[in-house]
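As a plain string of letters, each chain reads:
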Amino acid sequence: MGVSTSTPDKGIAVITVDFPPVNALPVQGWHDLADAVRAAGHDPGIRCVVLTATGRGFNAGVDIKEMQRDTAAGGHGMLIGANHGCAEAFSAVYGCEVPVVAAVHGFCLGGGIGLVGNADAIVASEDATFGLPELDRGALGAATHLARLVPQHLMRALYYTSRTATATELHAHGSVWKVVPRAELPYAARDLAREIAQKDGSLLRLAKAALNGIDPVDVRRSYRFEQGFTFEANLSGVADRVRDTFGTPHGAPDREG
């Protein structure tokens, strides 16, 4: 259980997240993920990173149960920790010195959107779904990253309703590179990574820096702006009131590590 890195192909680092049952990451898990992505990007022998996960789905966001236990004890340390951890992990993916390919299966929710929205390319299985159920969970955030996956008005509708979009729908919008059967996902993601890794390593790193430099939105700053409203919701008591009704509406997984 945790975050691990392997190098199955020359020039490719595969970072795997494994936090059963649903890959809802605890605070330390987000920091571990950030460290793994940064380390892979710093390695001069790596030209592409594949971000993947085990189990039922790619990512179910933060470990809400960890946060609730802390809040029940009268503290906000886990809330602050989760906010910092998510910001670090999202930033690590975005700022990785080489391209990052996200291999997504099952559900990709909350913090998962932050990861894939900051990735350079997404390969998804046919059963993959993407969404931000934040309003159902007493939270806000990652609209910055959902806006990188779908058009503005669709992003808003998905955000307000907490609905999800399928991999096929995102492929139609151009944000998912390829949709494949679940069993083919690891191979399809590595195929794309191998194609990228064939390029000159120094030129790839320059290309990544150049593309980040021309982004119209500063994703780090805009996400931190969103997080301010998450803190406001918590301080006002709104977040606790909503989280106390936390369940599994519409078949969504418990976001509990």
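Please refer to the structure higher up on the page.
Reading the values: the criteria
Residues numbered from 1 in each chain as written. Predicted model: local features only at pLDDT ≥ 70, side-chain atom pairs only at ≥ 80, totals over all residues. Heavy atoms only, no water. Helix = DSSP H or I, 4+ residues; strand = E, 2+ residues; numbered from the N terminus. Buried < 20%, exposed > 50% of the residue type's maximum accessible area, 1.4 Å probe, protein only. Contact = heavy atoms within 4.5 Å. Areas by Shrake-Rupley, 256 points an atom, 1.4 Å probe, with all protein chains shown as cover. Salt bridge = Lys/Arg side-chain N within 4 Å of Asp/Glu carboxyl O. Axes fitted to C-alpha atoms, helices over the stretch in contact; angles between N-to-C directions. Parallel < 35°, antiparallel > 145°, perpendicular 65-115°, else oblique. Left-handed = near helix turned anticlockwise from the far one by under 90°. Nonpolar A, V, L, I, M, F, W, Y, C, P; charged D, E, K, R; others polar.

Q: Outline the overall build of the chain, supporting the account with residue identities and numerical values.
A: In terms of regular secondary structure, the chain is built from 11 helices and nine strands. Principal axes of the C-alpha set define a box for the chain whose edges measure 50 × 35 × 30 Å. Scored against the burial criterion, the 257 residues of the chain give a buried share of 52%. Pairs at least 24 residues apart make up 74% of the contacts formed inside the chain by residues separated by at least 6 positions. When the accessible surface of the chain is totalled, it reaches about 11,600 Å², and 56% of it is carbon and sulfur.

Q: Quick one: what's the story with the pattern of salt bridges, residue by residue and with numbers?
A: Applying the stated criterion to the full structure yields eight salt bridges. Of the charged contacts, one joins arginine 190 and aspartate 9 as a salt bridge, the two residues approaching to 3.0 Å between their closest N and O atoms. Residue arginine 190 is located in helix α8 (residues 185-197), and its partner aspartate 9 is located in strand β1 (residues 2-9); the two are separated by 181 residues in the primary sequence. Note that arginine 205 and glutamate 97 form a salt bridge whose closest N and O atoms lie 2.9 Å from each other. Of this pair, arginine 205 sits in helix α9 (residues 201-213) while glutamate 97 sits in the loop between α3 (77-95) and β4 (100-104), and the two are 108 residues apart along the sequence. Here the salt bridges share partners, and the residues they tie into one network are Asp9, Arg190, Asp191 and Arg194.

Q: An account of the packing of α3 against helix α4 (residues 111-118) is needed here, citing residue identities and associated values.
A: Packed helices, taken two at a time, are described by the angle their axes make and the gap between the axes. For the pair α3 and α4, the least separation of the axes is 8 Å and the interaxial angle reads 15°. The pairing of α3 with α4 is recorded here as roughly parallel in orientation. The handedness of the crossing between α3 and α4 is right-handed. Side by side, α3 and α4 meet where Ala89, Phe90, Ser91, Val93 and Tyr94 of the first sit next to Gly111, Gly114, Leu115 and Asn118 of the second. Residue composition of the contact of α3 with α4, grouped by class: five nonpolar, four polar and no charged.

Q: Please provide a residue-by-residue account of the side chain of asparagine 59, values included.
A: Relative to the elements of secondary structure, asparagine 59 occurs in the loop between β3 (48-53) and α2 (64-72). Judged by relative accessible area, which is 1%, asparagine 59 ranks as buried. Contacts of asparagine 59, omitting those with residues within four sequence positions, involve Val22, Asn23, Leu25, Trp30, Phe107, Cys108, Leu109, Gly111, Gly112 and Leu115.

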